[in-house]
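So the chains spell out like this:
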Amino acid sequence: MGSLAAADEPLPQLKYPQARRDDSIVDDYHGVLVPDPYRWMEQLDSEEVEEFVGAQAAVADAVLSTCDEHRGRLRKQLTALFDHPRFRAPFKRGDGSGSGSYYFYFHNPGLRPHSALYVQHGLGGDPSVLLDPNAFSDDGTVSLGMVGVSDAGDYLAYGTSASGSDWVTIRVMRVSDREHLPDTLNWVKFSRIAWTRDGLGFFYSRFPAPRDGEALDSGIKTDVNLNHEVYYHFLGTNQSQDVLCWRDPDHPKYIYIPEVTEDGKYVVLSVSETSDPVNKLYYCDLSSLAHGLEGMKGTDGMLPFVKLVDKFEAYYGLIANDGTEFTFLTNKDAPRYKLSRVDVGEPESSWTDVLPEHDKAVLESACAVHGDKYVHKLLVNYLSDVKYVLQMRSLVTGELLHDIPIDIGTVNGISGRRVDSEVFVEFASFLTPGIIYRCDVSAEVPEMSVYREISVPGFDRNEFEAKQVFYPSKDGTKIPMFIVSKKDLNLNGSHPALLFGYGGFGMSVTPQFSVTRVVLMRHLGFVACVANVRGGGEYGEGWHRAGALASKQNCFDDFAAAGEFLVSAGYTNPTRLCIEGGSNGGLLVAACLNQRPDLFGCALAHVGVMDMLRFHEFTIGRAWTCDFGCSENEEEFHWLIKYSPLHNVRRPWEKGGRGWGGQYPPTMLLTADHDDRVVPSHTLKFLAVHVIDRPVRLWGLVPVSVTLTPMSPFRQTMQHVLRAGEEGSPQTNPIIARIERKSGHGCGRSTQKIVCSLLSSRAAATSDLVLAPVLALNCSVLFVNAWQIDEAADRYAFAAKMMGVSWID
């Protein structure tokens, strides 16, 4: 393990704060008594928690003050390299012709806190700022959460989020004169803005307002979210007049996402209960309403939705419809996904496969695009060995029309509609900052031309190389991993390495450009590694399921095996191997930290799920039981208690521990005070975690019998158990927390806070949604794990200091 002996100067004598224990809090899980002495840390707005957070900040500041040389240099280099223009793919609204259409896109010229939304008339028109989120707040903590532009391009509805919260407030603007309408919609969460084609209003989803009428301080409210509802809002009216379109009190945990078909005839409702890739599917023929949506005003009735799929058996995502014929992306009997079609006008008709499941590649997305009356086209996007493949196919038959060559990298978005003769494809890779391609799909042989290319001054891709390797996990499964480094690396085992992983919810970690990675490789000599461990979606649902529920340990075994491979192949050694992950990846890092403290020289765990027995008690945590299980179920409790980070801290120097004879590596836990996805109490309790005399433990690679000892005597907090001098502890490596203020799970952070983005999913083929409405642990496919520049400087300076890494000019 990493040791402070390698550091340039000694750390100050650390005084960890004493955390009050309440030994009266004991939960009975199916006959097993599990104490929870730090339950009070779940009251995030209490004065006692505030004091504890302040004391932890003082400890972190003391440690980080010894890293100032690296911190200053990192901040300077990150700021300089991040100061470059950035663009997102444009999306078009209007009459469908290039000259009569409006193009909307996001752009940041460099170091502005947030990207602004621009609009231009026609592809060659002069762009102007339509909406600038930098004006939302003085400190940049209010961000843009979602946008939706009406079909004609004349109105913009957008949602704002304060301090990174999942809660959104929707407002409406007239595009022509930037005038705001009085419309303000509150209590919105896990929604999209779905305009009807007439432009009179839009569908959205929300939760009921608090009964007492009090304002919601969304950043620290941790109550479970129940009774999601769908409404239709008419422009220029008060929210109290919105039409209730759907609610189901019998199923309070359901989440509803509305979508209007491109022809404007139907509204389709996707119904979810967890973050599992399964949903129910309802639809309503809007033309069947005798007096339209106007006729629903003031009535108690809801829309007459037809339940097309009324079982949680598979995932169904709308691709296109031709009248009553609907095409869906689905994993029904197809773990690598396929396209299927059904005629909703003939409810007894069977589903037919348009594009069957591929024998190896995962069908990530499909976008119906322009075609003549003879050929209706699909732009499909496959993921093959964690590399993207684009093809043009027939919407009618699924027949391959053309391959569309792209480099090894990630398709971050496809913007196009069936009325458009062009689509835009957003691409990036480890060594490509970003390219937006424009493709004329009306051409007989469509070709992609570069519409915009993102250039980073001072970055030369020829300095570096990226490659993919496959290594064996504990059970022999081959796991893919990307390794990015300077060229001509001497594999002598001396290099610092940063190993990133996620491994959950079917989310794939694919090649992305990172300014931070460039700085670490160039100035600290890091080798940057991304392990595609099981639990993700890299090979479809089978890969996902192999790292979920009773098989969750596979994720930790895969990640540890990645570290062992990097050591055995000569990239690094355990004293210089830093592991990092966020959210579900924070859980991954913390679990591996407990199981293999001997393998790592440093650990950085962001906004992790640490209490696997109580995560479902807060906000949307219940939606994650599909991946984790739930402690309320006896069998699942026994899965969870074996790896729950909070319940598995132990002294590696004591006999029986995997790292016997050593200590925990230097560790930084990161959270945010307004994270209402993974509430901060997870990190706070883990920081102050108890260690039972005979703890519940199954040590990764060494089977150990599980002993559950009700009401075992406790020692001190995690920091005190592991600190030097405590009961003969050899621990000298610090365990600290960095707690961001006025920030959330990663959503909507400003430029000073945004550094990189890694996750992708089938939701990546978006039109004008800024944040995809997901229930999983990721914030969104666009901004998940977007860290701060300042935070990045802190955590990597900490890692460099702890692992004895010198600066390279």
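Here the structure is a predicted model, which means the values were calculated and not measured. (Residues numbered from 1 in each chain as written. Predicted model: local features only at pLDDT ≥ 70, side-chain atom pairs only at ≥ 80, totals over all residues. Heavy atoms only, no water.)

Student: Before we go on, may I ask you to explain the pairing of strand E38 (residues 602-606) in this structure?
Tutor: On any regular strand, side chains alternate: one points to one face of the sheet, the next to the other face. Within E38, 5 of the 5 residues are buried, which leaves the element mostly enclosed by the surrounding structure. Of the two faces of E38, the one carrying Cys602, Leu604 and His606 and the one carrying Ala603 and Ala605 are both buried. Of the strand pairs in this sheet, strand E37 (residues 577-582) and E38 are connected by 5 bridges, and their pairing is parallel. The residue bridging glycine 581 from the neighbouring strand is alanine 605, located in E38. Where the polypeptide runs from E37 across helix H6 (residues 584-595) and back to E38, its parallel neighbour, the crossover connection is right-handed. Note: E38 against strand E39 (residues 667-672), 4 bridges, orientation parallel. Bridge assignment links histidine 606 to a residue of E39, and that residue is leucine 670. (Buried < 20%, exposed > 50% of the residue type's maximum accessible area, 1.4 Å probe, protein only. Helix = DSSP H or I, 4+ residues; strand = E, 2+ residues; numbered from the N terminus. Pairing = 2+ DSSP bridges. Right-handed = clockwise from strand over helix to strand, strands pointing away.)

Student: Is there a simple way to explain the state of the cysteines in this structure?
Tutor: By definition, a disulfide links the sulfur atoms of two cysteines through a covalent bond. Applying the stated criterion across every chain, the model contains 0 disulfides. Free cysteine cysteine 602: the closest other cysteine sulfur is in cysteine 578, separated by 4.1 Å. We classify cysteine 602 as buried; its relative accessible area is 0%. (Disulfide = S-S within 2.5 Å.)

Student: Could you clarify how one ought to interpret the pairing of strand E13 (residues 201-206) in this entry?
Tutor: With 6 of 6 residues buried, E13 lies mostly within the body of the structure. Side chains of E13 alternate between two faces, with Gly201, Phe203 and Ser205 and Phe202, Tyr204 and Arg206 buried alike. Both strand E12 (residues 194-195) and E13 contribute to a ladder of 2 bridges, which runs antiparallel. Each residue of the ladder has a partner; that of alanine 194, found in E13, is phenylalanine 203. The turn joining E12 and E13, which pair antiparallel and follow one another in sequence, is formed by 5 residues; a positive phi near 75 degrees is taken by glycine 199. In the sheet, E13 pairs with strand E14 (residues 229-234) via 6 bridges, with the strands oriented antiparallel. Following the sheet pairing, tyrosine 204 is matched in E14 by tyrosine 231.

Student: What is the right way to read the side chain of aspartate 611 from this model?
Tutor: With respect to the helices, strands and loops of the structure, aspartate 611 is situated in the loop between E38 and helix H7 (625-628). A polar contact of 3.4 Å, which involves the side chain of aspartate 611, links it to the backbone nitrogen of arginine 614. Among residues more than four places away in sequence, those in contact with aspartate 611 are Glu42, Ser644, Leu646, His647, His682 and Lys685. (Polar contact = N/O pair within 3.5 Å; in protein donor to acceptor, adjacent residues only side chain to side chain. Contact = heavy atoms within 4.5 Å.)

Student: What is the right way to look at the environment of lysine 297 in this model?
Tutor: Counting through the fold element by element, lysine 297 comes out in the loop between strand E18 (280-285) and strand E19 (306-309). Separated by 65 residues in the primary sequence, lysine 297 and tyrosine 232 have C-alpha atoms spaced 9.7 Å apart. Each residue touching lysine 297, except ones within four places of it in the same chain, is listed here: Phe234 and Val243.

Student: What is the right way to look at the nonpolar core in this model?
Tutor: Nonpolar side chains in soluble globular proteins tend to be buried together. Counting 129 residues, the largest nonpolar core has Leu74, Met481, Leu499, Phe559, Trp624, Phe628 and Phe798 as its most contacted members. When residues in this core are grouped by element, the largest group, 9 residues, is from helix H11 (residues 789-802). (Core = buried A, V, L, I, M, F, W, Y, C linked by side-chain atoms within 4.5 Å.)

Student: I keep staring at helix H3 (residues 515-524) and nothing clicks. Help me out?
Tutor: The α-helix winds at 3.6 residues per turn, so residues separated by three or four positions along the chain end up facing the same way. Where burial is concerned, most of H3 is hidden: 10 out of the 10 residues are buried. Here the buried face of H3 lies against helix H2 (68-82), strand E32 (464-472), strand E33 (478-486), strand E34 (497-500), strand E36 (527-531) and H11. For H3, the side-chain oxygen to backbone nitrogen distance between the N-cap and threonine 516 is 3.3 Å, and the N-cap itself is serine 514. Two residues or fewer after H3 comes glycine 525, characterised by a positive phi angle close to 70 degrees.

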